[in-house]
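Here's the letter readout for the chains.
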Amino acid sequence: MTSKKTKAIIMAAGCGKRMKSNVPKVLHKIFDVELLKYVYDACFDIVDSSYIIVGHKAQVVENYCKSSLIKYKCILQYPQRGTGDAVKKVYNELDNFNGNVLVLCGDTPLIEKNTLESLIDYHNQNKSVCTVVTTEVIDPHGYGRIVRDKDNNLIEIVEEKDANEYQRSINEINGGIYCLDWQKIKQSFNELDCDNAQNEYYLTDIVLWAVKNNLKVSGYKIEDSVQLFGINSKRDLMKASTILKNKVIDCLLENGVTIYDRDTTWISLQTSIEPDTIILPNVYISGKNKIGKNCKIGPFTHIRGNVNIENNVKIGNFVELKNANVASNTNICHLSYIGDSEVGENVNIGAGTITANFNSITKEKNKTIIKNKVSIGSNSVLVAPVCVGENAMVGANSTVTKDVYNDSLYVTRSEEKIIKDYVKVKQKNMEGSC
Ligand code: UD1
Ligand code: MG
């Protein structure tokens, strides 16, 4: 690995017209995580700090960065005059920087950390001034094409809109990710022009500039082309979500998790699942979660993040879990909502149980604690904050507002009444009045 200093520039200023949305493109989400965060996370461990170029709805993107990122600085690009102009905005900041600059597109969320590490190694080994990540795809539509000379050297990147027929037929595309030897390439940004079909300053033109100045340019070609999938439309966003979830599913299958149905199973990248757990169809798991061994999840389960499930747990149909720990051998099998909760071992949660965790007046979320060996009867509401003690039982249809002692029964059901022959007598009376 390199000992050279590395900084990142993440371009996130474009307006993303093709998304047809009020939300800035880089804040669209896959599994509840913003596209920008995927890119930022992929380079986080590799770089000292990141510059994030903001422009379209800059305040919204900056507010997001403030709430979710560290070690970054937002740089304003206004107006947005192309990717070359975007990188140039960091020119003054990097005046004395003597290292590599990794340039990434905020709309390419599937890039992986190990690819970026290999890119930097390749760049350093080749002593290149500019290394571009490329890949071959069946349908290159929309991407910049990689033009090589007869000796296979990268000589130019041509955007689709500027390409001639031959160039359009090239299947090797620009992934929009670059490693730059900043001091040697920085002059190129003063010499870019916007004499092209989009009337923009193209970052891709630095390749031609370097070639003309006899500086070494490399193309770092990767096999796993999906990592360079750029999101420009809602159709692309859906495709990227599917690519990501299929990668996660393949990895879980590889690690011994049983998954019944690929098409209807959605599991986030940040969820870990131990072997011999079975995931039934129509399960949606987002956010960061941990699921142990020999569990059965689904069908139709929704896990919304910050959920820790130990071993031998059953979570069944129409159960929603959020911010909860569920200890081993516990069953939550039907129609329940368990949020902000600690659920012990060997607990049985009856159908239709709700932890009422949100106080709509104070806007506070409160905690429900259910200790080991508890049995909660069907259709019960546990009004948090509340604790059900060990080995206690809650009668079906109870509303629990007070803590329940260990080993005791808590019932709030009104006393039962049986009126013998009630229906028969009523019916007879009706007949008599006709
Ligand atoms: C760009 C590349 C193309 C490459 C593709 C990979 C250029 C000229 N073209 O095309 O060769 O194959 O990415 O996905 O670079 N942005 C700014 N400021 C701007 C314009 C764009 O910050 O003025 C940002 C956008 O927010 C986006 C990224 O740069 O995150 C790329 O811009 P986009 O318009 O999506 O470029 P592509 O047409 O995809
Ligand atoms: Mg793009």
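Figured I'd write up the structure that's included with this text. (Residues numbered from 1 in each chain as written. Chains lettered and ligands numbered in written order. Predicted model: local features only at pLDDT ≥ 70, side-chain atom pairs only at ≥ 80, totals over all residues. Heavy atoms only, no water.)

1. What about the overall build of the protein?
Along the backbone of the protein there are 9 helices and 35 strands. At 29 Å, the protein has a C-alpha radius of gyration far larger than the 22 Å of a compact globule built from 434 residues. For the protein, the spread of C-alpha atoms along the three principal axes comes to 100 × 60 × 40 Å. By the burial criterion, 48% of the 434 residues in the protein qualify as buried. Counted over contacts in the protein with a minimum sequence separation of 6, partners at least 24 positions apart contribute 46%. (Helix = DSSP H or I, 4+ residues; strand = E, 2+ residues; numbered from the N terminus. Rg over C-alpha atoms; globule rule 2.2 N^0.38 Å. Buried < 20%, exposed > 50% of the residue type's maximum accessible area, 1.4 Å probe, protein only. Contact = heavy atoms within 4.5 Å.)

2. Details of the nonpolar core
Considering soluble globular proteins, one finds that nonpolar side chains tend to be buried as a cluster. In terms of nonpolar packing, the biggest core is built from 38 residues, with Ile297, Ile309 and Leu321 touching the most fellow members. Elements represented by at least two residues in this core include exactly helix 8 (234-254), strand 16 (283-285), strand 20 (307-309), strand 22 (319-326), strand 24 (337-343) and strand 32 (386-388). If one sorts the elements of this core by residue count, strand 22 sits on top with 4 residues. Here Leu321 is in contact with His302, Ile303, Arg304, Val307, Ile309, Ile315, Ile332 and Ile338, once residues within four sequence places are set aside. Residues Ala13, Leu94, Cys105 and Phe189 belong to the second largest nonpolar core, which totals 33 residues. (Core = buried A, V, L, I, M, F, W, Y, C linked by side-chain atoms within 4.5 Å.)

3. Regarding the pairing of strand 1 (residues 6-11)
Within strand 1, 6 of the 6 residues are buried, which leaves the element mostly enclosed by the surrounding structure. Of the pairings in the sheet, the one linking strand 1 to strand 6 (residues 100-105) comprises 6 bridges and is parallel in character. Residue pairing across strands places Ile9 opposite Val103, the latter belonging to strand 6. Across 4 bridges, strand 1 lies against strand 4 (residues 50-54) in parallel orientation. (Pairing = 2+ DSSP bridges.)

4. Observations concerning helix 9 (residues 422-433)
Taking 1.5 Å per residue as the helical rise, helix 9 with its 12 residues ought to reach 16 Å, and the 17 Å between its terminal C-alpha atoms agrees with that figure. Counting buried positions along helix 9 yields 0 of 12 residues, so the element is predominantly exposed. (Expected span 1.5 Å × (residues − 1).)

5. Considering the pairing of strand 8 (residues 145-148)
Here 4 bridges tie strand 8 to strand 9 (residues 154-158), and the two strands are oriented antiparallel to one another. Bridge pairing links Arg145 to Val158 in strand 9. Remark: 5 residues form the turn of the hairpin made by strand 8 and strand 9, two consecutive strands paired antiparallel; Asn152 in that turn has positive phi of roughly 75°.

6. Let's talk about unusual backbone geometry
Omega for the peptide link from Tyr78 to Pro79 comes to -5°, which places this bond in the cis form. Topologically, Pro79 is positioned in the loop between strand 5 (72-76) and helix 3 (83-88). Put simply, Ala384 and Pro385 share a cis peptide bond, and its omega is 5°. Inspection of the secondary structure assignment puts Pro385 in the loop between strand 31 (381-383) and strand 32. Although it is not a glycine, Lys57 adopts a positive phi angle of roughly 50°. Along the chain, Lys57 turns up in the loop between strand 4 and helix 2 (58-68). The phi dihedral of Lys127 falls on the positive side, at around 50°, and the residue is not glycine. Along the chain, Lys127 falls in the loop between helix 4 (113-125) and strand 7 (130-136).

7. A closer look at the packing of aromatic side chains
One pass over the structure, following the stated rule, counts 7 aromatic pairs. Their ring planes at 70° and their centres at 5.8 Å tell us that Phe31 and Trp266 sit as a pair that is edge-to-face. Taken together, the positions of Phe31 in the loop between strand 2 (29-30) and strand 3 (33-34) and Trp266 in strand 13 (residues 265-267) put the pair 235 residues apart, joining distant regions of the chain. On the basis of relative accessible area, Phe31 is assigned to the buried category, the value being 5%. Centroid distance Trp182 to Phe189: 5.6 Å. Interplanar angle 25°. Geometry classified as stacked. There is no split in this pair, since Trp182 and Phe189 are both buried. Taken together through their ring pairs, the aromatic side chains of Phe31, Trp266 and Tyr284 make up a single cluster. (Phe/Tyr/Trp six-rings, centres within 6.5 Å; stacked < 30°, edge-to-face > 60°.)

8. Observations regarding the coordination of the magnesium ion (ligand 2)
Within the first shell, the magnesium ion (ligand 2) binds the protein through Asp107 (OD) and Asn232 (OD1), at distances of 2.2 to 2.4 Å. Remark: Asn232 occurs in the loop between strand 11 (217-222) and helix 8 and Asp107 occurs in the loop between strand 6 and helix 4; sequence separation between them is 125 residues. (Donors = N, O, S within 2.8 Å, 3.2 Å for Na, K, Ca; no water.)

9. Quick word on the environment of Thr330
Looking at the element boundaries, Thr330 is found in the loop between strand 22 and strand 23 (331-334). As a C-alpha pair, Thr330 and Ile376 span 46 residues in sequence and 12 Å in three-dimensional space. Ignoring sequence-local partners within four residues, the contact set of Thr330 consists of Asn312, Val313, Lys314, Val343, Gly344, Glu345, Asn346 and Val347. At 3.2 Å, the side chain of Thr330 forms a polar contact with the backbone nitrogen of Asn346. (Polar contact = N/O pair within 3.5 Å; in protein donor to acceptor, adjacent residues only side chain to side chain.)

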